[in-house]
Structures are given as structure tokens and as C-alpha cells.
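# Tertiary structure, described
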Amino acid sequence: MTHGEISPCTWFRNWGLTGELLGSKTLPPKNLLHPSLHLRIHFLEDPSGPDDKATTELQGLAALDAGGGGARASAPPRPRSGTRPGSACASLHVTLLLGEHGGGHRESFFHWAFGVTDPGCYSTIEVGTGKSTLFVPRLPASYATWMGKSFLRGVNTDSGSICREASFEGISKFNVNNTILHPEIVECRVFKTDMELEVLRYTNRISSEAHREVMKAVKVGMKEYEMESLFEHYCYSRGGMRHSSYTCICGSGENSAVLHYGHAGAPNDRTIQDGDMCLFDMGGEYYCFSSDITCSFPANGKFTADQKAIYEAVLRSCRAVMSAMKPGVWWPDLHRLADRIHLEELIRIGILSGSIDAMSQAHLGAVFMPHGLGHFLGIDVHDVGGYPEGVERIDEPGLRNLRTTRHLEPGMVLTVEPGIYFIDHLLDEALADPACACFFNREVLQRFRGFGGVRIEEDVVVTASGMELLTCVPRTVEEIEACMAGSDKAFTPFSGPK
């Protein structure tokens, strides 16, 4: 494929830098995702750190930082309206290092700002003007023999883990501030640009297709890891998604009630049995952007009455939450909405009885859904920005595990992932607590011991008047059974308020 050709799987790589890189010539490529950042490029003679020419540039920036007794009072450019008000950064400069977090993942904040996938680069950002400088290693000709040609591609991404600080010999000579930009970039990352949303639509489309292939392929007697392998193979072979956004969770039977099953101590190695519920939480990653999708279905392709009852309870809560999503809605209220619907359905099934208000006061919903309703999604699957300064956690069962307590705003991307689980130790604790035990019908509850759990997880964009659903997989009982029977019959994705 020539440089100018575009395909659905590769066009994202062509973001960012325009023009050619010739020697140490300074170029002003346009940043397509963040037009307020104007990029200059220098080459480093020594890949281990800035050379003399680059050091001169760094010294000039450091002098601006320190000159005049402090920072100038000009306000920073704001690529997004979501940047926190009153956070004047002025003409300060931060040096960032492009690093990797295991599995080939780039340092997320660097990738968000520059979109560079090549290792060994340094950068400075002049916050007061929006000008930035990228320092690129001048690699020997032999590099292409072993590693292939090196190109600069793209711009922008989202993060989550601790940002790696720049480190090179002589950095102590400079006045470096490693904290002032962090909250600003975090807030920018909460609100996705149109091009970022296009990538997230792509990751969801391919991952949704892969989930459908898994539903068609699963059979009693297979190992859970066979489904993990199939999912990852489809994402890579059909979508160019080399990495998963996180370790695949392929729980069957009782394993479907283990929230983060699939780790090294429980590596998706159980044999799938007749009568099991499967809970498969898997998402592919493209150009560092994540997807996060969970599908729950019966291993043999047909829901029993109890499986259908629990599944449709979770589906009802999931769709009620999405229908209620719009700017201004407080995320904890949506978690409480899901809890309330779960309690209503558990009463209808016969597991619980009594007043829903009294159950809510006893936090009974957290016994069946101990995790939060969802989280921000972007470059990091649990993306940043959930708790900026002034946003506090709620110290109550279930709610304390929320990954954000913000009010919804347009451009936010979140997962909506309610679930009902039958976790023995949580049930035993509730039955031992008189405040909770009075609501249980123990005989009916016993029928669900060993059931596992059901989770439905969708990826959703908040729009000006509602939400856009990115995920596209069979969700109703009828759609799932048809898909598992091998039908390619079209289904209608849920559509809430746009």
C-alpha cells in the first residue's frame, strides 16, 4: 500500500503530520486532532537524549519558563471547552518522554498530544502559545534493516496509568514542571474530538463483529480460552487490532460471577459445560484506542427460564440507563436507577420480597452488583478524568466503586455495564445481616446458587440531547438465540434519545 492510499483499517494512521522530514529542518505540520498545537521537529544525533542543537532549544524554553522571575500571565490555549476554568498555566514548559507500558502500549499522555508511535522521542510544550517541539532520534541506516522504516504518524489519544516523566543526562539543569499540564490534558481527554469518536466507532464495530463470531462458535465441551483466542484472532485478522484493550474475561458457570476473571491465576481455562451461562468481557484496541464490550449468553444456545429472567432484568436496567442519559444527568443517579430496577426484577422472580425503598436503604443492590455502573473510555480502557479536583467519591456500598461521579456532558464516552451476580460470600454476608436477611426468600435463592452472573456492557457517547450507542451486538433473548444458531438475520440495535 502506498503512503497515499486509505483503507478502513489504516486511515487512522495518517493523522497528524504534514510535509516531509528533511534533516534538521524545522517544519510546522498541522495537528489535525488538536489544531491549537503547532509542532516543530528536530532530530537528535544521539538517541539516548537531546544533542547540542536540541539542548539549545530546550535551554531556550527553560529560559522562558524561568525568565522574568516566573511564568508570564498569558492564558493557555484550550483545545476543548471542557478544560477546567480558572486553571492558568501561562508560559510554562513540560518535557514528556514517549515510553511503553507492557505489551507495546505507548505512554498515553504523550500519545494523546503527539500521536507518535516511534520510541525514543522527547517533546516540549510551550503552554502559553500552544507551540510544541518534537525531538526525534536520528537513527542509523542499519535501523531499517532490523526494525523497518521509521515514520511519524498521527496525533492524540487517551490515558490512564501514571505518566512517565522525561529522563536524560543533564535534565537537572532545566526548570521542569511535571504537574502543571497533567490536569489540563486529563480534562481535554474526557471530551472526545470527532476524529477520536471515529476511531472508537471503529474499535466497537470490529469488536462487536468478533463477539458475534464467538457466539456462533461456542460449544459445550470447549475451553474458555478457545473463545478468547477466536476473539483476538478476528480482531487482528479482520481489523488490524494487534492488542486487546485488557485481559479477556471469558467466564462460564460460576466463573461468570468473578468480576475480573481471566487473570494469571484463573486464565480462562475451564471447560464450558451444558447449562452454563457465559459472560465474555472482551474488547479490541486500535491505535491505542479501546473498546470494552460484555456479552452474556447460555453455553448451549438456549436460555432456561431462570437464565432468561436474570438476563432480561439486566437488559431492562441497561436500556433504562441509556434512555436516561443526557447532558446534566448525575452519573450516581444512573447507578441507583440500575440498582432499583434490579431489585424490582428480583422481587418479581421471587428471590426478594419487601419494600424497595427499605432495600435501598440497606444497600441491598450492592450485594448483587458490587461494582460501579461504568467508566470513561478512550485510549485507556478505564480512562482518566473521573475524579477531577472538587469531585468526590461517595462512601456507600456499590457507589464507592464508581469510577466517576461527574455530571454527563456532550463528548464524554462511557461504558454502561450493569450486572446481577450470585457471589457466595456476598450472599452469605447479607444473610448473616438482619438488616438484609429479612428481604430474602432463601428457598428461591438456593436455586440460583452456582448460577454465576450476567453483565451487559455497552460503549456510549453522550450527545447534546441524549446518547449514541457504539456497540452493535445481539442483545435480546431472541436475537442471541438466533445468532448462536448460526443465523445472520439482521437485528435492530437499541436506539435511545439522540
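Structure shown above.
Let me begin by describing the structure that accompanies this report. Note that the structure is a prediction, hence the values are computed from the model and not measured.

Applying the stated criterion across every chain yields a total of 23 salt bridges. The salt bridge involving Arg336 is made with Asp333; its shortest N-O contact spans 3.4 Å. A residue pair is termed a helical-turn pair when its members lie 3 or 4 positions apart in one helix, as Arg336 and Asp333 do in helix α8 (residues 331–349) at three residues. Classification of Arg336 by relative accessible area gives partly exposed; the value is 33%. Note that Glu409 and Arg406 form a salt bridge whose closest N and O atoms lie 3.9 Å from each other. In the salt-bridge network here, residues are joined through shared partners; they are Arg189, Lys192, Asp380 and Asp383.

On to the sheet that holds strand β9 (residues 277–282), then. If you walk across this open sheet you meet the three strands as β8-β9-β11, and the pairing is antiparallel. Every interior strand has two partners, whereas the edge strands, β8 (249–252) and β11 (293–298), have only one. Across this sheet, the average inter-strand angle for adjacent strands is 10 degrees, counted without regard to direction. Judged from the six bridges that link them, β9 and β11 form a sheet pairing that is antiparallel. Residue pairing in the sheet places Asp281 in a bridge with Thr294 of β11. Strands in contact with helix α5 (residues 194–217) are β9 and β11; relative to β11, the strand with the most contacts, it is inclined by about 15 degrees.

Below, the discussion takes up the packing of aromatic side chains. Tallied over the entire structure, the rule returns eight aromatic pairs. With centroids separated by 5.4 Å and ring planes inclined at 80 degrees, the aromatic side chains of Phe280 and Phe297 adopt a geometry described as edge-to-face. Highlighted residues: Phe280 in strand β9 and Phe297 in strand β11, separated in sequence by 17 residues. Each member of the pair, Phe280 as well as Phe297, carries the same accessibility label: buried.

A separate point is the sheet that holds strand β12 (residues 413–416). The pairing of strands in a sheet happens through backbone hydrogen bonds and is either parallel or antiparallel. The three strands lie next to each other as β12-β15-β16, forming an open sheet whose pairing is antiparallel. Taken across any chain shown, the strands that pair with only one partner, and hence form the sheet edges, are β12 and β16 (467–469). Here the strands of the sheet are splayed against their neighbours by 35 degrees on average, with no regard to which way each runs. Of the strand pairs in this sheet, β12 and strand β15 (residues 458–462) are connected by four bridges, and their pairing is antiparallel. Directly across from Val416, in β15, lies its bridge partner Glu458.

Rules and cut-offs
- Residues numbered from 1 in each chain as written.
- Predicted model: local features only at pLDDT ≥ 70, side-chain atom pairs only at ≥ 80, totals over all residues.
- Heavy atoms only, no water.
- Salt bridge = Lys/Arg side-chain N within 4 Å of Asp/Glu carboxyl O.
- Helix = DSSP H or I, 4+ residues; strand = E, 2+ residues; numbered from the N terminus.
- Buried < 20%, exposed > 50% of the residue type's maximum accessible area, 1.4 Å probe, protein only.
- Pairing = 2+ DSSP bridges.
- Axes fitted to C-alpha atoms, helices over the stretch in contact; angles between N-to-C directions.
- Contact = heavy atoms within 4.5 Å.
- Phe/Tyr/Trp six-rings, centres within 6.5 Å; stacked < 30°, edge-to-face > 60°.

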